[in-house]
Amino acid sequence: MAIMARVAAGAITLFARFITAVRAVWEGIEPIPRQRIYFANHVSHGDFILLWTVLPARMRRQTRPVAGADYWLKSPIRRFIGRDVFNAVLIDRNRDTRIDDPIEQMADALDGGASLIVFPEGTRNETEAPLLPFKSGIFHLATARPAVDLVPVWIDNLNRVMPKGEIVPVPLICTVTFGAPLRLEADETKDAFLARARDALLSLPKAEEGNA
Amino acid sequence: MTGHQIDLLKLLAGLAAVLVAASLVGHLLQRRLSPDGTNTVVENLNDRVNAWWVMIILMGVALLFGRMGAILLFGFASFAALREFVTLTDTRRGDHWALASAFFIVLPLQYYLVYIDWYGLYSILVPVYAFLLMPIVSALRGDTDRFLVRVAEVQWALMICVFCVSHVPALLTLQIPGYEGRNLLLIAFLVVVVQSSDVLQYVWGKLLGRTPIAPKLSPSKTVEGFIGGALSATLVGAGLFWMTPFTPVQAGLLSFVIVLMGFFGGLVMSAIKRDRGVKDWGHLIAGHGGFIDRLDSVIFSAPIFFHLVRYWWSLT
């Protein structure tokens with residue numbers, strides 16, 4: 001199974017590169033293996049695949065996406081991709097029925113040495129707005145593990161590659177831009193922190209503007 | 001080993017010699033002027049030379065594999081170019097099917113038709129069939145916002161990146177008496193003339209360039225660079241007559257046409273980049289920018305070269 005997962009991971013990243021020729025822009029951090037929480041905009045199921053693809057192989061193995069269990073446990077193939085290939089931290093998004101606390105699950109993963117990929121909007125953005133309001137999860141995570149750097153990551157153009165409801169992707173060039181890390185400051189309120197994190201993500205240059 | 005492979009290897013050996021010289025000069029310049037990597041002109045020059053090594057090795061391997069190799073090589077170049085081009089267009093959700101069929105139906109079909117040598121269809125597939133069918137696909141989605149601009153952009157992308165580029169491997173289908181089995185050398189001739197023109201214009205421009213030729217479009221292009229580059233590339237082309245079915249004078253004249261088309265093609269593609277507010281089409285090749293940045297002059301010269309040779313030399 002482990003070999004299968006490796007082969008599948010290779011095939012998925014190769015396919016992602018074929019379609020998007022994805023390029024990483026390391027603006028605020030260096031690509032060095034250090035524990036981080038990457039938080040990114042969310043427009044498609046391919047988001048974490050793209051982010052994962054541009055990480056150097058050594059960092060990739062230690063980086064786990066946080067994803068909704070309802071989606072990734074639905075069919076055997078999704079379960080294989082979500083669990084075995086990406087080693088995702090699968091959380092139950094339904095507040096009323098869930099047994100595990102998602103923040104605890106993420107904190108456990110961090111304690112295990114992993115870096116995380118999270119999407120603080122909580123769901124895919126299908127609006128015209130660049131970014132939805134952030135859910136409070138990222139604040140609680142930062143409170144639980146304040147010593148880990150939070151790195152804003154802007155994934156550009158993927159919404160045009162595969163808009164919602166389409167099955168066939170259109171090959172277009174995508175970029176993944178890593179911004180400067182931030183941490184929860186002492187006495188920072190939830191709203192102030194969420195606003196600051198959201199602004200940090202929005203202020204990253206988009207490929208169309210900063211092509212030079 | 002057949003005759004054309006020996007000629008191709010001769011050519012590759014010649015190019016390798018030029019590149020070895022360029023790499024040595026680049027290395028010396030770097031030690032003199034840019035020991036800490038701060039002289040951008042020298043660094044860019046070395047990036048370019050390194051990328052040339054990769055491009056010439058890829059080209060050589062593909063051409064040694066014959067028709068299939070050439071089809072796959074230029075088919076992939078078309079794909080990468082189309083990906084860059086469409087990235088810079090303003091298409092909308094409503095164009096999704098049209099774009100997907102451009103990539104996954106029109107492009108492979110065009111190259112398949114070139115492969116099976118169906119001239120009557122591959123020369124009208126994009127200008128007629130795609131031209132009529134793609135706007136229908138977009139119209140069916142019902143989004144009329146900037147409709148004409150969007151369908152025109154998709155059509156332009158296909159003409160430039162697929163139709164024009166596919167005329168390079170199409171050179172393999174020409175039947176020239178006394179030149180059977182050697183058509184791969186026509187591709188090598190076209191590519192070497194176009195690219196040496198680009199390189200020589202760059203070199204002449206850096207050495208003597210004073211007067212901008214199109215300051216609004218491309219500030220780095222100069223009259224001196226253009227004249228020096230065009231004339232010396234024409235001479236290079238004339239000197240390559242031994243691998244073509246042409247006499248030295250014919251090879252020189254054809255090279256001149258190729259060089260002119262390539263130069264103006266570069267200007268047109270610069271105008272599009274200016275319009276879109278970008279410096280390069282992409283980032284795929286270090287020092288060169290994107291695929292289209294390297295292909296733009298081939299794109300404009302390939303169909304013209306193809307039809308000139310087809311009209312005057314080919315039986316078909």
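Per chain, the residues get numbers from 1 upward, laid out in the order the sequence is written. Ligands are numbered from 1 and chains lettered from A, in the order in which they are written. Residue-level local features of this predicted model are given only where pLDDT is at least 70; pairs of side-chain atoms are given and counted only at 80 or more, and the full residue set underlies all totals for whole chains, interfaces and linings. No hydrogens and no water enter the side-chain calculation; it runs on all heavy atoms of the structure.

### What to know about the overall build of chain B
In terms of helices and strands, chain B carries 11 helices and 0 strands. Helix and strand assignments follow DSSP, with helices taken as H or I runs no shorter than four residues and strands as E runs no shorter than two, numbered in order from the N terminus. When the helices and strands of chain B are placed in sequence order, the string is α-α-α-α-α-α-α-α-α-α-α. Its C-alpha atoms give chain B principal-axis dimensions of roughly 60 × 50 × 30 Å. Per-residue accessibility, obtained with a 1.4 Å probe over protein chains only, is compared with the maximum for each type, and a residue is labelled buried under 20%, exposed over 50%, and partly exposed between these values. A burial count over chain B gives 52% of its 316 residues as buried. Long-range contacts, defined here as pairs at least 24 residues apart, represent 72% of the contacts in chain B between residues at least 6 apart. Whether two residues are in contact is decided by their heavy atoms: any pair within 4.5 Å suffices.

### Considering the side chain of Asp-95 of chain B
All names here are of chain B. Relative to the helices and strands, Asp-95 is located in the loop between helix 3 (67–87) and helix 4 (96–115). N or O atoms within 3.5 Å of each other form a polar contact, as long as, within protein, one can give a hydrogen and the other can take it, and as long as residues adjacent in sequence are counted only when both atoms are side-chain atoms. A polar side-chain atom of Asp-95 sits 3.0 Å from a polar atom in the side chain of Ser-138. Only 2.8 Å separates the side chain of Asp-95 from the side chain of Arg-150, close enough to count as a polar contact. Apart from residues lying up to four places away in sequence, Asp-95 is in contact with Ser-138 and Arg-150.

### Some points on the domain arrangement of chain B
All names here are of chain B. Along its sequence, chain B is organised into domain 1 (65–173) and domain 2 (175–316). Domain start and stop positions are those given by an automatic or database domain assignment. Here domain 1 and domain 2 have C-alpha centroids that lie 22 Å from each other. Facing 28 residues of domain 1, the contacting portion of domain 2 comprises 28 residues. Both sides of the domain 1 and domain 2 interface together cover about 2,400 Å² of buried area, and 76% of this is carbon and sulfur. Taken together, the connections running from domain 1 to domain 2 amount to 8 residue pairs in polar contact (both at pLDDT 80 or more). Of all the secondary-structure elements, those providing two or more residues to the side of domain 1 that touches domain 2 are helix 3, helix 5 (119–122) and helix 7 (147–166). With 9 residues, the top contributor of residues to the side of domain 1 that touches domain 2 is helix 3. A per-class count over the side of domain 1 that touches domain 2 returns 20 nonpolar, 4 polar and 4 charged. Summed over both partners, the accessible area (1.4 Å probe) lost when two parts come together is defined as the buried area. Gly falls in the polar group here, along with every residue not listed as nonpolar (Ala, Val, Leu, Ile, Met, Phe, Trp, Tyr, Cys, Pro) or charged (Asp, Glu, Lys, Arg).

### What to know about the pairing of strand 7 (residues 175–178) of chain A
Residue and element names in this part refer to chain A. Residues Thr-175 and Thr-177 of strand 7 are buried on one face, and the alternating residues Val-176 and Phe-178, pointing to the opposite face, are buried as well. At least two bridges found by DSSP between two strands are what make those strands a pair. In terms of strand pairing, strand 1 (residues 23–26) meets strand 7 through 4 bridges, oriented parallel. Along strand 7, the bridge assignment pairs Ala-24 with Val-176. By the bridge criterion, 4 bridges tie strand 6 (residues 149–156) to strand 7 in an arrangement that is antiparallel. Residue Val-153 lies in a different strand from strand 7, and its bridge partner there is Phe-178.

### Let's talk about the packing of helix 6 (residues 125–140) of chain B against helix 7 of chain B
Residues and elements named next belong to chain B. Whenever a helix is involved, its axis is fitted only over the stretch in contact; in every case the axis is a line through C-alpha atoms, and angles between N-to-C directions fall within 0 to 180 degrees. Put simply, helix 6 and helix 7 touch, their axes get as near as 10 Å, and they point 145° apart. Note on packing geometry: the crossing formed by helix 6 with helix 7 is right-handed. Across from Val-126, Pro-127, Ala-130, Phe-131, Met-134, Pro-135, Ser-138 and Ala-139 in helix 6, the residues of helix 7 making contact are Phe-147, Val-151, Val-154, Gln-155, Leu-158, Met-159 and Phe-163. Its residues assigned to classes, the contact of helix 6 with helix 7 shows 13 nonpolar, 2 polar and no charged. For any pair of crossing helices, the crossing counts as left-handed if the nearer helix is rotated counterclockwise from the farther one by less than a right angle, and right-handed if it is rotated clockwise.

### Considerations on helix 7 of chain B
Because an α-helix packs 3.6 residues into every turn, residues spaced three or four apart end up facing the same way. All names here are of chain B. How far a helix is expected to stretch is found by multiplying one less than its residue total by 1.5 Å. With 20 residues, helix 7 should cover 28 Å at 1.5 Å per step; its first-to-last C-alpha distance of 28 Å lies within 8% of that length. Fitting one axis to the seven residues ending at a residue and another to the seven starting there, the bend at that residue is the angle between the two axes. Residue Met-159 marks the point of greatest curvature in helix 7, where the axis turns by about 30°. In terms of residue burial, helix 7 counts as a mostly covered element, since 14 of its 20 residues are buried.

### Description of the nonpolar core
The biggest cluster of nonpolar side chains holds 131 residues, and the ones touching the most others in it are Tyr-38, Leu-51 and Phe-178 of chain A together with Ile-187 and Phe-305 of chain B. Looking at which element gives the most residues to this core, the answer is helix 8 (residues 184–208) of chain B, with 11 residues. Counting contributing residues, this core receives three or more from each of domain 1 (65–173) and domain 2 (175–316) of chain B. Residue contacts for Leu-51 of chain A: discarding those within four places in its chain leaves Tyr-38, Ala-40, Ile-117, Val-153, Ile-155, Val-176 and Phe-178 of chain A. In plain words, nonpolar cores are sets of buried Ala, Val, Leu, Ile, Met, Phe, Trp, Tyr and Cys residues tied together by side-chain atoms within 4.5 Å.

### Overview of the side chain of His-96 of chain B
You can see His-96 of chain B is positioned in helix 4. For His-96 of chain B, a relative accessible area of 3% corresponds to the buried category. If we ignore the near neighbours within four places in the chain, the residues touching His-96 of chain B are Arg-160, Val-161, Met-162, Pro-163, Glu-166, Val-168 and Val-170 of chain A together with Arg-141 of chain B.

### Details of the interface of chain A and chain B
Between chain A and chain B, the contact holds 19 residues from the first and 19 residues from the second. Around 1,800 Å² of area is buried between chain A and chain B when both sides are counted, 61% of it from carbon and sulfur atoms. A side-chain nitrogen of Lys or Arg and a carboxyl oxygen of Asp or Glu constitute a salt bridge if their distance falls within 4 Å. Here chain A and chain B share 2 salt bridges between them. A salt bridge links Glu-166 of chain A to Arg-141 of chain B, with the shortest nitrogen-to-oxygen separation between them at 2.8 Å. On the surface where chain A and chain B come into contact, there are 9 residue pairs in polar contact (both at pLDDT 80 or more). A per-element tally of the side of chain A that touches chain B places helix 1 (residues 2–20) of chain A first, with 3 residues. Residue composition of the side of chain A that touches chain B, grouped by class: 12 nonpolar, 2 polar and 5 charged.

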